[in-house]
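Residue-level structural notes
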Amino acid sequence: MQAVAFAPGHITGFFKAEVEPKEPEQKGSIGAGFCIKEGVTTKVKVTSSDKPGFKITVTGYKSDNTQVSEFVVKEFFKIVNQNYFLDIEHNTTIPVGYGLGSSGAVALSLAFALNKALGTNLSRTRIGQVAHNAEIHCKTGLGTVLSSYHGGFEIRTKQGAPGIGSLQKIHTDYTAIVICFSPISTKQFIKTELSKINGLGGKMVTKLLKSRDQMEFLDMSLEFAKYVHVITRQMQLVIDDLSQNGFKSGVAMFGETVFTLVPKTKEFEVMQILKKYDGVIIKTEIDKSGARVS
Ligand SMILES: Nc1ncnc2c1ncn2[C@@H]1O[C@H](COP(=O)(O)OP(=O)(O)O)[C@@H](O)[C@H]1O
Ligand SMILES: CC(C)(COP(=O)(O)O)[C@@H](O)C(=O)O
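So, how was this worked out
- Residues numbered from 1 in each chain as written.
- Chains lettered and ligands numbered in written order.
- Predicted model: local features only at pLDDT ≥ 70, side-chain atom pairs only at ≥ 80, totals over all residues.
- Heavy atoms only, no water.
- Core = buried A, V, L, I, M, F, W, Y, C linked by side-chain atoms within 4.5 Å.
- Buried < 20%, exposed > 50% of the residue type's maximum accessible area, 1.4 Å probe, protein only.
- Helix = DSSP H or I, 4+ residues; strand = E, 2+ residues; numbered from the N terminus.
- Contact = heavy atoms within 4.5 Å.
- Near = heavy atom within 4 Å.
- Polar contact = N/O pair within 3.5 Å; in protein donor to acceptor, adjacent residues only side chain to side chain.
- Areas by Shrake-Rupley, 256 points an atom, 1.4 Å probe, with all protein chains shown as cover.
- 1 Å grid on protein atoms, 1.4 Å probe; cavity = no way out; pocket = protein on both sides within 12 Å on 5 of 7 lines; lining within 4 Å.
- Sits in = over half its atoms within 2 Å of the grid points.
- Nonpolar A, V, L, I, M, F, W, Y, C, P; charged D, E, K, R; others polar.
- Points joined across faces, edges and corners; volume = space filled by probe spheres on them.
- Phe/Tyr/Trp six-rings, centres within 6.5 Å; stacked < 30°, edge-to-face > 60°.
- UniProt positions renumbered as here; feature names shortened; annotations may be inferred.
- Axes fitted to C-alpha atoms, helices over the stretch in contact; angles between N-to-C directions.
- Parallel < 35°, antiparallel > 145°, perpendicular 65-115°, else oblique.
- Left-handed = near helix turned anticlockwise from the far one by under 90°.

Topic: the nonpolar core
Soluble globular proteins tend to pack their nonpolar side chains together in the buried interior. Counting residues in each nonpolar core, the largest one holds 58 residues, and the members touching the most others are Phe14, Phe15, Phe34 and Phe217. The leading source of residues in this core is helix α7 (residues 214-228), at seven residues. For Phe217, the contacting residues outside a window of four places in its chain are Gly13, Phe14, Ala32, Gly33, Phe34, Phe153, Leu208, Phe259 and Leu261. Of all hydrophobic cores here, the second largest spans 37 residues; its members include Ala105, Ala107, Ala117 and Leu118.

As structure tokens, then:
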């Protein structure tokens, strides 16, 4: 038994954490962001075994730990009543820890692939909830799984796992161009900084619901990043350079990562600007489909 699933990466421009509820399914965030065509593809091979076991390999961008994957595996082992060995392979085309939602995409792609390969027959919603709970448990994300599950450019209006949280989609044909400098641990941020930054994100959601304007989203993301104090000297140089050339930018939560959204005709110009800097550049379309079995 074998299955392959993909989950898109996701960039949050601004958010408000909602972590008071007790149940992990009810926790999450409201905010706004978009899914990208780069993400995580997970392949699972299942064989019968004397005792439960698994092996995880990663190709593409590597991670220093696999705790999110391990949580998802354990949840599925609770559901099946036979012993299996799981050979899991994550192929990651987004760097880890830069605010591109690698943890959420790992959890979702693995949950979809395991459900198919093990024949557990969970509903799409339940698969999404297992992945969301993994993120909440590992403190690697709040609203990413809900967004990556649905795809598109979203305004998240109610926090929670798929089936509980809700979002509205904004239409876009723009390309996202992203430059990543260094990682920021989401876990560290969620543990230490959340209480200080919970004022602005909710107001921004209300404002963006009225305008539904991508350029206003970029302005808000930048304002949010200033408020959260995550803009480094390196990021400011890029933001200023883009601005002097007429391009707005946003900051991906949480990474030393600047992004912009442009029509196809402007892609070349933006790439020329960003090439001067020593970061990983990703040019990608918005993924409108969300997580899926391949
Ligand atoms: N390819 C991968 N394989 C296994 N686990 C991964 C992989 N990529 C990310 N993760 C998990 O996600 C965590 C990073 O999450 P986080 O700091 O939120 O970064 P990001 O902003 O990329 O989501 C890692 O510590 C690891 O637990
Ligand atoms: C911003 C974040 C809390 C983390 O996102 P990432 O670092 O990409 O895992 C996200 O999950 C959200 O709630 O909007």
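This is not the end of the story, as more comes after the structure.
Thoughts on the site of ligand 2
The local shell around ligand 2 holds 16 residues, among which Thr12, Ser29, Gly143, Thr144 and Thr186 are the closest. In this structure, Gly101 approaches ligand 2 through a main-chain N or O atom, which is 3.1 Å from an oxygen atom. Within the backbone of Phe254, an N or O atom sits 3.3 Å from an oxygen atom of ligand 2. Protein chains bury 98% of the 370 Å² of accessible surface belonging to ligand 2 in isolation. Judged by its atoms lying within 2 Å of the grid points, ligand 2 is housed in the largest pocket. Taken together, the residues that form the shell around ligand 2 break down as five nonpolar, 10 polar and one charged.

Observations concerning the layout of surface pockets
In this model, the largest pocket occupies a volume close to 750 Å³. Around the largest pocket sit 38 residues that line it, and Val96, Ser102, Ser103, Thr140 and Thr186 are the ones nearest its centre. Elements represented by at least two residues in the lining of the largest pocket include exactly β1 (2-18), α1 (67-79), β4 (84-92), α2 (102-118) and α5 (186-192). In terms of residue class, the lining of the largest pocket is built from 13 nonpolar, 21 polar and four charged.

A look at the site of ligand 1
If you check the shell around ligand 1, you find 21 residues, and the closest are Asn65, Gly97, Ser102, Thr140 and Thr186. Here Thr92 contributes a side-chain N or O atom positioned 2.9 Å from a nitrogen atom of ligand 1. A distance of 3.0 Å is found between an oxygen atom of ligand 1 and a backbone nitrogen or oxygen belonging to Gly99. Burial of ligand 1 by the protein amounts to 94% of the accessible area it has alone, namely 570 Å². Judged by the fraction of its atoms near the pocket grid, ligand 1 is located in the largest pocket. Of all the elements in the fold, those that place two or more residues in the shell around ligand 1 are α1, β4 and α2. In the shell around ligand 1, the residues fall into six nonpolar, 14 polar and one charged.

Some remarks on the packing of aromatic side chains
Per the counting criterion, the structure on display carries nine aromatic pairs. Relative to Phe217, the ring of Phe14 lies with its centre 6.1 Å away and its plane at 45°, an arrangement referred to as tilted. With Phe14 in strand β1 and Phe217 in helix α7, this pair connects stretches of sequence that are 203 residues apart. Its relative accessible area of 0% is what places Phe14 among the buried residues. Between the aromatic rings of Phe224 and Tyr227, the centroid separation amounts to 6.2 Å while the plane-to-plane angle is 50°, which identifies the pairing as tilted. With Phe224 and Tyr227 both in helix α7, this residue pair falls three residues apart, about one helical turn. Judged by its relative accessible area of 0%, Phe224 is buried. What makes Tyr227 partly exposed here is its relative accessible area of 34%.

Quick look at the UniProt feature "domain: GHMP kinase N-terminal" (unreviewed entry) in the protein
According to UniProt, the "domain: GHMP kinase N-terminal" (unreviewed entry) feature falls on residues 76-152. Annotated as 56% helix and 12% strand, the span residues 76-152 places its first and last C-alpha atoms 28 Å apart.

Points about the packing of α1 against helix α3 (residues 124-138)
The N-to-C vectors of α1 and α3 enclose an angle of 130°; their axes lie 9 Å apart at closest approach. By the angle between their axes, α1 is oblique relative to α3. Remark: the crossing between α1 and α3 carries right-handed chirality. Note on element contacts: α3 touches α1 through Val130, Asn133, Ala134, His137 and Cys138, opposite Gln67, Val68, Phe71, Val72, Glu75 and Phe76. Among the residues making up the contact of α1 with α3, the classes are represented as seven nonpolar, three polar and one charged.

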